[in-house]
Amino acid sequence: MILSGPWKLQHFEVGEKPPLELAAPGLDDRFWIETNVPGDVHSALLERGIIEPPYYGHNDAKCRWIERKEWWYRTTFELNAVPGDEERMELTFEGLDTFATVYVNGHEIGSASNMFRCYTFDVTRIVREGRNTLAVRFDPLDLHHRDKEQFEWSSYTKERPWIRKAAMNFGWDWGPRIVTTGIWSPVRLERRRRAKLTGVYAATLSASAEEAVIRVSAEAEAFRSGTTAVAVVRLLDGDGAEVTSAKLPVLEEYGALLGVQAGLRQAFPEAFRTKGSASAELRIALPRRWWTHDLGEPYLYTLEVTLLADDEEIDRYEQPFGIRTLELSLQNPDGSPSFAFILNGIKVYAKGANWIPADHMIGSISEPMYRGLIELAVEGHMNMLRVWAGGIYEKEIFYEECDRRGVLVWQDFAFANALFPDFNRDFMDNVRQEIIDNVKRLRNRASLALWCGNNEIDWLVDMKSAAGDITGAFFGETIYHELIPGLLAELDPYRPYWPSSPYGAQDGYDANDPNQGDRHNWQVWHGSVYPRMQGEKPRLDYSIEGVTFKNYKQDLALFSSEFGMHASANRYTLAKNIPEGKFTWGSAEMAYRNKDTNHRKGILLMEGYTGIPQDIEEYMNFSMLTQAEGLKYGIEHFRRHRHRNSGALVWQLNDSWPGTSWSMIDYELLPKASYYYGKTFFHPVLLSLEHEPGEPLRVWVVNDTLEELEGTVTLTVHPLAQSGDLAGAQEVGGMGGGSAGVQDTPPGGVRRFSFAAKIPPQTALSFGGLEEAKALAGLAPEEVLVELRTTGFAAPVNRYYLRDPKELRLPAAELDVQIDEAAQTVTVTASGQGVARLVKLELPLGGVRFSDNYFDLLPGESRTVRLRHPGGLPLPWAELRVGALNAGTLA
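Residues numbered from 1 in each chain as written. Predicted model: local features only at pLDDT ≥ 70, side-chain atom pairs only at ≥ 80, totals over all residues. Heavy atoms only, no water.

1. Brief notes about the pattern of salt bridges
Then, number 1: If you walk through the whole model with that rule in mind, you get 72 salt bridges.
Then, number 2: Measuring nitrogen to oxygen at the nearest pair gives 2.8 Å for the salt bridge that ties Arg 234 to Glu 242.
Then, number 3: Take Glu 242: its relative accessible area is 43%, and that puts it in the partly exposed class.
Then, number 4: What you see here is one network of salt bridges that share partners, running through Glu 367, Arg 371, Glu 375, Glu 379, Glu 401, Arg 404, Arg 405, Arg 849 and Arg 868. (Salt bridge = Lys/Arg side-chain N within 4 Å of Asp/Glu carboxyl O. Buried < 20%, exposed > 50% of the residue type's maximum accessible area, 1.4 Å probe, protein only.)

2. A word on the packing of aromatic side chains
Then, number 1: The tally for this structure, following the rule as stated, stands at 50 aromatic pairs.
Then, number 2: Judged by centre distance (6.2 Å) and plane angle (70°), the ring pair of Tyr 393 and Phe 413 falls under edge-to-face. Highlighted residues: Tyr 393 in the loop between β23 (384-387) and α7 (396-405) and Phe 413 in the loop between β24 (408-412) and α8 (425-442), separated in sequence by 20 residues.
Then, number 3: You can call Tyr 393 buried: its relative accessible area is 2%.
Then, number 4: What makes Phe 413 buried here is its relative accessible area of 0%.
Then, number 5: Where Phe 415 meets Phe 420, the ring centres are 5.2 Å apart and the plane angle is 90°; that geometry is what we call edge-to-face. The residues Phe 415 and Phe 420 share a single accessibility class, namely buried.
Then, number 6: One residue, Lys 148, lies across the ring of Trp 162, its end atom 4.8 Å from the ring centre.
Then, number 7: The cationic tip of Lys 632 hangs over the ring face of Tyr 800; the distance from NZ or CZ to the ring centre is 3.9 Å. (Phe/Tyr/Trp six-rings, centres within 6.5 Å; stacked < 30°, edge-to-face > 60°. Helix = DSSP H or I, 4+ residues; strand = E, 2+ residues; numbered from the N terminus. Lys NZ or Arg CZ within 6 Å of the ring centre and 35° of its normal.)

3. Quick notes on the side chain of Glu 842
Then, number 1: Structurally, the position occupied by Glu 842 is in strand β40 (residues 836-842).
Then, number 2: Dropping the residues within four chain positions of it, Glu 842 is found in contact with Arg 571, Glu 879, Leu 880 and Arg 881. (Contact = heavy atoms within 4.5 Å.)

4. Looking at the pairing of strand β9 (residues 130-138)
Then, number 1: For β9, a buried count of eight out of nine residues is recorded, marking the element as mostly surrounded by other parts of the structure.
Then, number 2: Here strand β6 (residues 99-104) runs beside β9; their pairing, made up of five bridges, is antiparallel. Bridge pairing in β9 links Ala 100 to Phe 138. (Pairing = 2+ DSSP bridges.)

5. Topic: the environment of Leu 308
Then, number 1: Tracing the backbone shows Leu 308 in strand β17 (residues 301-309).
Then, number 2: Residues Leu 308 and Leu 295 lie 13 residues apart in sequence; the distance between their C-alpha atoms is 40 Å.
Then, number 3: Leaving out residues up to four positions away in the same chain, Leu 308 has contacts with Thr 228, Ala 229, Val 230, Val 232 and Glu 313.

6. With respect to the sheet that holds strand β14 (residues 229-236)
Then, number 1: Read across the sheet, four strands follow the order β15-β14-β17-β18 without closing on themselves; strand pairing throughout is antiparallel. Two strands lie at the open edges of the sheet, namely β15 (242-251) and β18 (312-321), each paired on one side alone. Averaged over neighbouring strand pairs, the angle between their axes works out to 15° when direction is ignored. (Axes fitted to C-alpha atoms, helices over the stretch in contact; angles between N-to-C directions.)

7. Considering the pairing of strand β8 (residues 119-122)
Along any regular strand, the residues point their side chains to alternate faces of the sheet.
Then, number 1: Side-chain alternation along β8 places Tyr 119 and Phe 121 on a buried face and Thr 120 and Asp 122 on a face that remains uncovered.
Then, number 2: Strand direction decides the pairing type here: strand β4 (residues 87-93) and β8, joined by four bridges, are antiparallel. The partner of Phe 93 across the bridge, within β8, is Tyr 119.

8. Details of a nonpolar patch on the surface
Then, number 1: On the surface, a cluster of nonpolar side chains totalling about 300 Å² of accessible area is made up of Val 260, Leu 264 and Phe 268.
Then, number 2: In this structure, Leu 264 sits in helix α5 (residues 261-267). (Patch = residues over 30% accessible without salt bridge, like charges linked within 9 Å, V, L, I, M, F, W, Y side chains within 5 Å. Areas by Shrake-Rupley, 256 points an atom, 1.4 Å probe, with all protein chains shown as cover.)

9. Some details on the layout of surface pockets
Then, number 1: Space inside the second largest pocket adds up to approximately 760 Å³.
Then, number 2: As for the second largest pocket, its lining consists of 32 residues, and the residues nearest its centre are Tyr 156, Glu 456, Leu 460, His 526 and Ser 528.
Then, number 3: Counting residues per element, the lining of the second largest pocket draws most heavily on helix α9 (residues 457-467), at five residues.
Then, number 4: In the lining of the second largest pocket, the residues fall into 17 nonpolar, six polar and nine charged. (1 Å grid on protein atoms, 1.4 Å probe; cavity = no way out; pocket = protein on both sides within 12 Å on 5 of 7 lines; lining within 4 Å. Points joined across faces, edges and corners; volume = space filled by probe spheres on them. Nonpolar A, V, L, I, M, F, W, Y, C, P; charged D, E, K, R; others polar.)

10. Focus on helix α16 (residues 673-681)
Side chains of residues three or four places apart in an α-helix project in the same direction, reflecting 3.6 residues per turn.
Then, number 1: Across the nine residues that make up α16, a large majority, eight, are buried.
Then, number 2: Looking only at α16, the buried set comprises Ala 673, Ser 674, Tyr 675, Tyr 676, Tyr 677, Gly 678, Thr 680 and Phe 681.

11. As for the environment of Glu 281
Then, number 1: Position of Glu 281 among the secondary structure elements: in strand β16 (residues 275-285).
Then, number 2: With a relative accessible area of 43%, Glu 281 lands in the partly exposed category.
Then, number 3: When residues no more than four places from it in sequence are discounted, the contact partners of Glu 281 are Leu 205, Val 213, Ile 214 and Arg 215.

12. Brief notes about the sheet that holds strand β13 (residues 211-222)
Each strand in a sheet pairs with another by means of backbone hydrogen bonds, the pair being arranged parallel or else antiparallel.
Then, number 1: The antiparallel open sheet is built from three strands, whose spatial order is β12-β13-β16. In the strand order of this sheet, the two ends are held by β12 (195-207) and β16, each with one partner. Here the strands of the sheet are splayed against their neighbours by 15° on average, with no regard to which way each runs.
Then, number 2: As defined by bridge partners, β13 adjoins β16 across eleven bridges and the pair is classed as antiparallel. Paired with Glu 219 across the two strands is Ser 277, which belongs to β16.

13. Examining the packing of α8 against helix α10 (residues 477-491)
Then, number 1: The geometry of α8 relative to α10 is characterised by a closest axis approach of 11 Å and an angle of 40° between their N-to-C directions. Taken together, the axis directions place α8 and α10 in an arrangement best described as oblique. Between α8 and α10 lies a crossing whose hand is right-handed. Between α8, through Phe 427, Met 428, Val 431, Arg 432, Ile 435, Ile 436, Val 439 and Lys 440, and α10, the contact on the second element is made entirely by Thr 478, Ile 479, Leu 483, Ile 484, Leu 487, Leu 488 and Leu 491.
Then, number 2: Looking at the contact of α8 with α10, its residues break down into twelve nonpolar, one polar and two charged. (Parallel < 35°, antiparallel > 145°, perpendicular 65-115°, else oblique. Left-handed = near helix turned anticlockwise from the far one by under 90°.)

14. Thoughts on the environment of Val 702
Then, number 1: Looking at the element boundaries, Val 702 is found in strand β31 (residues 697-703).
Then, number 2: What makes Val 702 buried here is its relative accessible area of 0%.
Then, number 3: C-alpha separation for the pair Val 702 and Thr 292, spaced 410 residues apart in sequence, amounts to 18 Å.
Then, number 4: Residues in contact with Val 702, not counting those within four places in the same chain, are Arg 639, Arg 640, Arg 642, Pro 684, Val 685, Leu 686, Thr 763 and Ala 764.

In structure tokens:
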């Protein structure tokens, strides 16, 4: 039974009312607020109009009173009959945020102190036939940390290290402080008989095209002495047909008894609960293996485990299951270091982003929002998401979608940027159970690729110790280096573990060493000066040269697990949440949208690349363009070095509120320019131009697929402004030994270079170089666009400018826009004589999907964009805006 309500909610001053009075079955709660479970207090108050929208203006500051109150939830449920002699009634809370006390029919049955844990209470003797009352009291956090020791380091707030709660709720550099409370995950009441399953674990030991071997273990607990049971394991294919099965004797007769044990068991059978486990290896002929969506089909079987006692089904476990092997390779065959995920024997180039909770009000995040974000990630050619440590162990829907859509998950444990009291037994007992709960919950997920101990702690402890900010011990170290790996060795021994991110260090370099492990590049944007040795005082370079994304080219990381730069959210997302008249560049309201520690960084980045924006329109365009081109520059560099670099995970995929941040998709699920660029720079087949001003143009083809590619690559140099001469393009000899191709003749003033290309699977190859002067043939580098295309194999067209935007001589462009509402398409044509730069389409509606956006058009070129709303909402066509950097906006 899912206890979904109706629930009631009310707040009190701490100690205002006796708890047993508010928990009493007969309490009159008619005048309490009706609310939803799962959910949270902020969402409930917002839905009832009691608080103003927290993300509008500065309203989050008006909500701070919520975290200082005592909050109560109440509901009722009906039982047809009380539990029988061999039955147990269990009440399970999958998520309580955070310090809660639970009452059933006026009796206090237990408490909770960890947002990340699952709490189960035996209420067999408390429930009664007919109507029952359930109440939950949530304490303000201050009661549980105000008398605790404060440590030298805890980013953004000193109170959180003792509190097992999502760190981002206390504020981060991309979101506000909104300290939530409430029942954020489902509540279940289950009538159990005789025994129950307490754990199921399935791991693929080997998987070839011919045969797979899976090890399945089951654990069970009987409610009284002498109960025997077997677990029947079945693996079903996608059509529901049984592929293989086994019987596991999980609960057997106890063996020889000592002393008075026999008499005690006979006299008190319920005092001796039997626990047992068993395992078996299953063999599957011709298995359909689970792959990431870019390498194959993410095929899912169904793992079914039924617990039987005397042939009676008394419990059941069922979950989709993917057959695959996955390992983390830390060494190449030649002995050189690596950091690469090997899926079914194939090296995966990890392309994706870091995931944060999709809303600060975590309990209210809807399943459509989860599905929408993961669908966008897949459409953007991402095959890995890193669940960041400052959020939560995500809801089931997240992992279900990643399993189904073929997306690998890098899962951090919930320890981010702080020292934690690993010397305290109560704290460590709490953390131990948190780890056990979440490992057992998630370990059968095909998508789960890696457990990671924390975010940035090992690295930053060294940095802050060197700077003098930390003068004592590394509190928390035993969690990541002893507790977690010890538990994983027992609970999930077939999945890789990495103690921190970043983590590495060799030859005296710090944990962010590019030659070992994974790396966070915060030289770009944050200005961190690298390389850095262990113990060396950290340095920051807040200059145009210090923060520019051109520094990515110096980064030879083995795996790039965090890097990125800010961009504005889309117009609708910002305008919806900023008071009228305040949506202006430089306003206090716009500054409030940016929670980063120093706003100079974004200005410096744009100053060096696009120039400093003068109004809100330029800010949106310049920041979007800088982020998009910057990520393109860095990721193409990393992918060209795929022999060394095995992954690029952008910080960050999504937002938790409508602000300006590093995200590629804003809070309203409207992608930024960088997302659309990513459809090319994350594509399995990438055409890439390596070039710096004055240097040769080198063409690369990156092939992440398992097939050899063969065809012709053509580099075309287009003038930004068309002269009107429509004579044929000039054919020039090939590059790197290639020969000129034959194509349709583009407009005049164009030079084209073609060459043959053969690219083995999973390879990046360079095809010669073209001197800049030869490519330009008298044109200025500020006056051209370079385009890469292929014939013979499929790859998206890629376009480049040979100088930064602020140096380009962009002509005025003209756009023609044709709307077909019935077909839900918009066709945009560059109708003038010049290239249209960064064409963008905007609608004042969240969640709208554009098949393309933020693109460039050559003179005379057209692009048809398909639009839809996943929720089926009508599109406000009359309010469509289409514009470009060098063209007026058509409304």
